[in-house]
Structure formats: structure tokens, C-alpha cells
Amino acid sequence: MTVFSPFLEKIENENHKAQLLEVLEYIEGKFPELEPVVKWNQPLFQTHGTFIIGFSTAKAHFSVAPENVTMEKFCDRIAANGYSQTKGMFRIKWSDQVDYNLLHDMIAFNIEDKKDFDLFWRK
């Protein structure tokens, strides 16, 4: 997790740091083909130069940003977990359980949907 270490070190609450580390390590373990990078001071994963999923933190939650297309496809499952959401991201409260099946399915969808994509972001 060395790529994300500087980002994680900025998280003061040790429980929050551990929770996000668990999420990032889960993704690295399940999707070893993804490249972990930090851009715009946020941890994210990409493949062949295209964005797959990114994260940011706040006092009460961490945010997951998989892009608008993916948010639309999974909005019902996001809502079923009680996560608040906007057009391009959703928030998991530090006190909430992380739905790893949801994260897995979103990432798998993005990898497949963007396999022939040659830009960083969808238009």
C-alpha cells in the first residue's frame, strides 16, 4: 500500500484510516490488474490510463467516485445500503458497513465497460 501511504497518513482518526486501508487493500487484492495512483490528492485506481474508481475522505464519511454512468447503473443498490449519493459519487459513513459486493460489481463493470476506452474520463 506504499502508493497510498502518504494519503492515509493524513487521516488522523486511526479507525477511519484502518477502514479505508481495508477498502483499498480489498480492491488491490481482487483487481491486481488495476494500478493504484494518487491524483488530485486522492487515492484512485486506473487501468491502461483510464479511471476506474476514486476515493476521498471527510470528517463523517469517505466518498466513492466511480463516474456518473456507473452511479446510474448502481443507484438502487447504493440507496439500498443507505448511502447518500450525488450524480458522480456516494458516501459511506465511517460508522456504516462497507458493501464489498457493491464495490466489486462497480469496479468490474467499469473495467469491462472501459476496456477499449482510451481517455481518462468518460465524456
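Residues numbered from 1 in each chain as written. Predicted model: local features only at pLDDT ≥ 70, side-chain atom pairs only at ≥ 80, totals over all residues. Heavy atoms only, no water.

Concerning the sheet that holds strand β1 (residues 35-39)
On the basis of which strands lie adjacent, the open sheet formed by 6 strands has the order β1-β2-β3-β4-β6-β5 and antiparallel pairing. The sheet is open, and its two edges are formed by β1 and β5 (84-85), each paired on a single side. In terms of strand pairing, strand β4 (residues 61-65) meets strand β6 (residues 90-93) through 4 bridges, oriented antiparallel. Bridge assignment links Val64 to a residue of β6, and that residue is Phe90. (Pairing = 2+ DSSP bridges. Helix = DSSP H or I, 4+ residues; strand = E, 2+ residues; numbered from the N terminus.)

Considering the packing of helix α3 (residues 68-80) against helix α4 (residues 100-113)
Each pair of packed helices can be described by the angle between their axes along with the distance between the axes. For the pair α3 and α4, interaxial distance at closest approach is 11 Å and the crossing angle is 160 degrees. Here α3 lies roughly antiparallel to α4, going by the angle between them. In this structure, α3 crosses over α4, and the sense of that crossing is right-handed. Between α3 and α4, the contacting residues are Val69, Thr70, Met71, Lys73, Phe74, Arg77 and Ile78 on the first element and Asn101, Leu102, Asp105, Met106, Phe109, Asn110 and Asp113 on the second. Partitioning the contact of α3 with α4 into residue classes produces 7 nonpolar, 3 polar and 4 charged. (Axes fitted to C-alpha atoms, helices over the stretch in contact; angles between N-to-C directions. Parallel < 35°, antiparallel > 145°, perpendicular 65-115°, else oblique. Left-handed = near helix turned anticlockwise from the far one by under 90°. Contact = heavy atoms within 4.5 Å. Nonpolar A, V, L, I, M, F, W, Y, C, P; charged D, E, K, R; others polar.)

Description of the pairing of β4
Counting buried positions along β4 yields 4 of 5 residues, so the element is predominantly enclosed. As paired strands, strand β3 (residues 50-57) and β4 are joined by 4 bridges and run antiparallel to one another. Following the sheet pairing, Phe55 is matched in β4 by Val64. The antiparallel pairing of β3 with β4 creates a hairpin that spans 3 residues between the two strands. (Buried < 20%, exposed > 50% of the residue type's maximum accessible area, 1.4 Å probe, protein only.)

Structural notes on the packing of aromatic side chains
All chains considered together, the criterion is met by 6 aromatic pairs. Judged by centre distance (4.7 Å) and plane angle (55 degrees), the ring pair of Tyr26 and Tyr100 falls under tilted. Of this pair, Tyr26 sits in helix α2 (residues 14-30) while Tyr100 sits in helix α4, and the two are 74 residues apart along the sequence. Ring geometry for Phe55 and Phe62: centres 6.5 Å apart, planes at 45 degrees, overall tilted. Judged by its relative accessible area of 1%, Phe55 falls in the buried class. (Phe/Tyr/Trp six-rings, centres within 6.5 Å; stacked < 30°, edge-to-face > 60°.)

Overview of the pairing of β1
Across 5 bridges, β1 lies against strand β2 (residues 42-47) in antiparallel orientation. Along β2, the bridge assignment pairs Glu35 with Gln46. Hairpin geometry of β1 and β2 is characterised by an intervening segment of 2 residues between the two adjacent antiparallel strands and by a positive phi of about 55 degrees at Trp40.

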